Structure formats: structure tokens, C-alpha cells
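Summary of the model geometry
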Amino acid sequence: MEKSDSLYNSYLCILKEELVPAMGCTEPICLAYAAAKARKVLGAMPERVEIEASGNIIKNVKSVVVPNTDGLKGLKASVASGIVAGNPDKVLEVISEVSPSEKQRIADFLETTPITIIPLNRIAQLDITVKLYAGEHYSAVRIAGHHTNVVAVEKDGEVLFEGHCADTNANMTDRSCLRMDKIFDFASTADIADLRPVIGRQIECNRSIAMEGLRNRWGANVGNTLLRCSNDVRQKAKAWAAAGSDARMSGCEMPVIINSGSGNQGMTVCLPILAFAEEFGIDEERTIRAVTLSNLVAIHQKTGIGRLSAYCGAVSAGCASGCGIAFLLGHGLNIIEHTLENALGMAAGIVCDGAKPSCAGKIALSVEAGLLGFEMSKHGDNLQSGDGIIGMNVEETIDHIGRLGRNGMRETDVEILKVMVK
């Protein structure tokens, strides 16, 4: 793909928009970011707090540790951390610099300040509003669509800022330009100097947290459990991605580079490819190109599904990693497309029941589906059109996945939330 091609700049912009650093699970951090902005607008410590949150925010925040809080979990802890110690200028790293005294102040704030949670009648959407009250004054910040999309800022009845929309990809490059053949072309031919700053940072950050997850016991320790079973390259591919999630879901205070608003997905599209690159001694440029392809394939799938859904995002990322490994090992577009279809045909039923330690296990299962899909594709043992959700071609299959995740699983999301809240 030539740099003069309009798609070239679009694909590069999509990577830059999606592959950003975040410390901690992005839903709690989104709340902390909104709270930190609201605190700055209010100009005082609040006497009481209201949190309005859609169902998937409640689901994804309930069980995950908020970093730099000494193990606190939940919506209230997320908001308290942003109010007491957040720096809104750091966006998704809003609570990356919290002192020991501030950790104690967060705990004290939770003990002394009334915080009310108001569930919104929206399940799938990412939608939150944090309202802070002090005396006769108040401030409110709403984020919707994606984790940093501030759509409203208000103080004492005055609208200070109002965004134009709350769509999933608001204020971002149009994702409808993504197609598997064009993604393959871009990953194969893009100027490596354009890719290296974006993808190189992802490789460095996400490898670091994966190694931390293997060095120490985090969460359910899925990564190390996998390596106790076997230490071949396939197992390493699953273990590295799972270990990163082990650490991240349990409050590890290391940043990751996210994909589609998710750190787990950002690690899953990247780390299995790094395990294969290390095993086979593949050079940096080929590795960067493979990770580029994996990222864009995951984003392509998530565009139709949306940021939050009852459809587990690890599936999109794990299946994409199988495509990236196929590219890494020198296979062409036909093998890569069938890898994706095979993997999706086997793993598309995994549900999302919020962010928590079991995400690491779901990541491992999804990477295994990607690897199995690749092995099938290499030998021509592919799922056929009409087999379940498999379409006439890969683009139709991706469209089916989008419909499944966006529309078909709405009621599933409602029931999952009912179970979790109960």
C-alpha cells in the first residue's frame, strides 16, 4: 500500500487512536478519569458523590482491583481514587502517580463521604456520569461511547463543554474502511518507520507486564499454571497473554498498551506473536508487521460489536493473534482469512461476565482457538460457508460476529448483570 493511498493514513491513525497506554482495567480507570476531571471543575473536595453508570460499566468494575489503592475494588473505589489522587491530564494513566499518603486518603474518603450509584437503563453502552457536590456547588462530567470521550462537562447549571455525539467511535477515524485484504496489504508494505513507534511501544509495555505476571503470583495464576502443563511455544503463547492479564486484573501498577479500549485485548493481540517470534528467531521488522496485522484484525471485529458487550473481547483478540502468527510465519492472505473464520467458528460463544481474574483463562482459550484455526487453515481443513455463523467470505463472517455481539447478546448481558448484582 502506497503512502499516497487514503487508506494508509486512515490505518495508521486507527492504530494511533487505539493503541494508547492505560494503567489498570480501563472501565475503573474511565470512572477515575471522569472523577478527576469533575474534581478539577468543582475546585473543592466534594461532600457527596453520585455515579450514574450503564450496565456494562457496573459489570466490568465490580470485581477488578483498582491500581494504587491497596487492593480496593468497585465503582466507589474507582471514583474515590480519581477524586483524591487523580491527574486528569494523564487520561487513562490518571492514577498512575499515587503516594502512600494519598492511598490512605482514598480509604478515608470512602469511609466518610456518601457515594450513590445510579444504574442507567443502558446495558451494552459505555456511559457514565460522575457528579460531585460541595455546599451549594456541583460539577458533572459525562463520558460515553469510548473510555476517553468526554461528551459533557457542567458546573452549577452552566454547560462548560458539550460533545457532538456519544457513538462508540466518536471523534475517531472511520473504522468502516477496515477490510482483511487491505489490512494484509498495509501490514505487509507500510513504512516500518511509521509502525515502529506505535507497535514497538506496545511490544515493550505488554511484554513487561507479562513477565511480571510469570515472575510473581497474581490473581488465579493462569499463566504459570499453563507453563506447568507444558513449555512448548503454543503453551508459551497462551501463557504470556494470560500472565499479563493475571497481573493486570489484580491491580499490578504497570501500564499496558490497549486495543479497542481494553488492556486484556491489547495484550492478547500482541504477546502470543512475541512468543512465536522468540521461539523461531524472527526479526523485529517481521514481528512488528505481524503485530500490526493482529491489532487491525481485532479492531475490525470490534467495530461491529462495540466497546462493551456480553461477547468476550478476548475472543476477537485471541483469534486475531492466530492471524498474526500466520503472517509472522510467512503465510498469505488466504490462510490468514481462513484462520480467522475457523477460530471464530469455534470460540464465538464465550461470554463476558466482567473484568476479573478468570479473564486470563478466557484469553488462553481464545489464543488456543486462534492457533487451532491456523493449524486447520494450513492443511485446508476449514469450516465452510453455512457452518453456523460462517458466512460466504471472511467479511460476511465478521459482520455476523458483529451482529451476534451487538444485538444477539443483549439479553444475555441483562441476565449476566442480574446474576452479578444479586
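A short tour of the structure in this document, coming up. Everything numeric in this text was worked out from a predicted model, so none of it was measured. Starting from 1, residues in each chain are numbered consecutively following that chain's sequence as written. Whole-chain, interface and lining totals are the exception, using all residues; otherwise, since this is a predicted model, local features are given only for residues with pLDDT of at least 70 and side-chain atom pairs are given and counted only at 80 or more. With hydrogens and water excluded, all non-hydrogen atoms of the structure serve as input to the side-chain values.

1. Focus on the pattern of salt bridges
By salt bridge we mean one thing: a side-chain nitrogen of Lys or Arg within 4 Å of a carboxyl oxygen of Asp or Glu. Counted by the stated rule, this structure contains 24 salt bridges. Residue K40 is joined to D89 by a salt bridge in which the shortest nitrogen-to-oxygen separation is 3.9 Å. In this pair, K40 sits in helix α2 (residues 26-42) while D89 sits in the loop between α4 (75-85) and α5 (100-112), placing the two residues 49 residues apart along the sequence. Close ionic contact of E52 with K131 constitutes a salt bridge, the shortest N to O distance being 3.4 Å. Here the residue E52 occupies a position in strand β2 (residues 48-53), and K131 occupies one in strand β4 (residues 127-134), the gap between them amounting to 79 residues. Exposure is judged per residue with a 1.4 Å probe applied to protein chains only, and the accessible area is read against the type maximum: over 50% gives exposed, under 20% gives buried, and values in between give partly exposed. By relative accessible area, E52 is classed as buried at 18%. Runs of E in the DSSP output that reach at least two residues are strands. Runs of H or I that reach at least four are helices, and both are numbered from the N terminus.

2. As for the packing of helix α1 (residues 6-18) against helix α6 (residues 180-189)
Helix axes are fitted to C-alpha atoms over the stretch in contact, other axes to C-alpha atoms as well, and angles between N-to-C directions run from 0 to 180 degrees. Two elements in contact, α1 and α6, have axes separated by 11 Å at closest approach and are oriented at 85 degrees. Here α6 runs roughly perpendicular to α1, going by the angle between their axes. Here α1 contributes L7, Y8, Y11, L12 and L15 to the contact with α6, which in turn contributes K182, I183 and F186. In this classification, the charged set is Asp, Glu, Lys and Arg, the nonpolar set is Ala, Val, Leu, Ile, Met, Phe, Trp, Tyr, Cys and Pro, and all remaining amino acids, among them Gly, are polar. Looking at the contact of α1 with α6, its residues break down into seven nonpolar, no polar and one charged. Angles are sorted into four bins: roughly parallel if under 35 degrees, roughly antiparallel if over 145, roughly perpendicular if 65 to 115, and oblique for all others. Note on definitions: a residue-residue contact is assigned when non-hydrogen atoms from the two residues lie within 4.5 Å.

3. What about helix α11 (residues 271-280)?
Among the 10 residues that make up α11, seven are buried, leaving the element largely enclosed by the rest of the structure. Where α11 is concerned, the buried positions are L271, P272, I273, L274, A275, F276 and A277. The inward-facing, buried residues of α11 contact α7 (192-215), α9 (233-249), α10 (263-268), α12 (284-305), α13 (313-328) and α15 (359-378). With its phi angle positive at about 60 degrees, G281 sits one or two positions after the end of α11.

4. Examining the side chain of E27
With respect to the helices and strands, the residue E27 is situated in helix α2. This count recognises Lys and Arg as positive and Asp and Glu as negative, with His and chain-terminal groups excluded. As a buried residue without a salt bridge, E27 has its nearest oppositely charged side chain in R248, at a separation of 7.0 Å. Polar contact is the term for a pair of N or O atoms within 3.5 Å; when the atoms are in protein, one must be able to donate a hydrogen and the other to accept it, and sequence-neighboring residues count only if both atoms are side-chain atoms. There is a polar contact of 2.4 Å between the side chain of E27 and the side chain of H147. Sequence-distant contacts of E27, that is, excluding residues within four places in its chain, are made with I57, N60, V61, H147, G261 and L308.

5. Section: the sheet that holds strand β6 (residues 150-155)
Between any two strands, at least two bridges found by DSSP are needed for them to pair. If you trace the six strands from one edge of the open sheet to the other, you get β3-β2-β4-β5-β6-β7, paired in mixed fashion. Where the open sheet ends on each side, the last strands, each with one partner, are β3 (115-119) and β7 (158-162). Taking each pair of neighbouring strands and ignoring which way they run, the sheet shows an average axis angle of 10 degrees. Sheet analysis places β2 next to β3, joined by five bridges and oriented parallel. Within the sheet, the bridge partner assigned to E52 lies in β3 and is I118. With respect to the sheet, α4 is in contact with β2, β3 and β4, its orientation differing from that of β2 by roughly 125 degrees.

6. Digging into unusual backbone geometry
Even without glycine at this site, D70 takes up a positive phi of about 60 degrees. Mapped onto the elements of the fold, D70 is located in the loop between α3 (55-61) and α4. The backbone of S260 shows a phi angle near 55 degrees, a positive value even though the residue is not glycine. Its location among the elements puts S260 in the loop between β8 (256-257) and α10. Exposure remark for S260: the relative accessible area of 3% places this residue in the buried category.

7. Notes on the packing of aromatic side chains
Pairs were defined over the aromatic rings of Phe, Tyr and Trp, the Trp ring being its six-membered one, requiring ring centres within 6.5 Å. Orientation was assigned from the angle between planes: stacked under 30 degrees, edge-to-face over 60, tilted for the rest. Taken as a whole, this structure holds five aromatic pairs when the rule is applied. Geometrically, the ring pair formed by F184 and F327 is edge-to-face, given 5.8 Å between the ring centres and 75 degrees between the ring planes. Placement of the pair is F184 in helix α6 and F327 in helix α13, with a sequence separation of 143 residues. Under the relative-accessibility criterion, F327 is labelled buried at 1%. Ring-pair connections join several aromatic residues into one group, and the members of that group are Y8, Y11 and F186. One Lys or Arg, R48, reaches over the ring of Y133 and ends 3.8 Å from the middle of that ring. We call a charge positioned above a ring when the Lys NZ or Arg CZ atom is no farther than 6 Å from the ring centre and deviates by at most 35 degrees from the ring normal. Looking at K378, its charged tip hangs above the ring of F374, at a distance of 4.9 Å from the centre.

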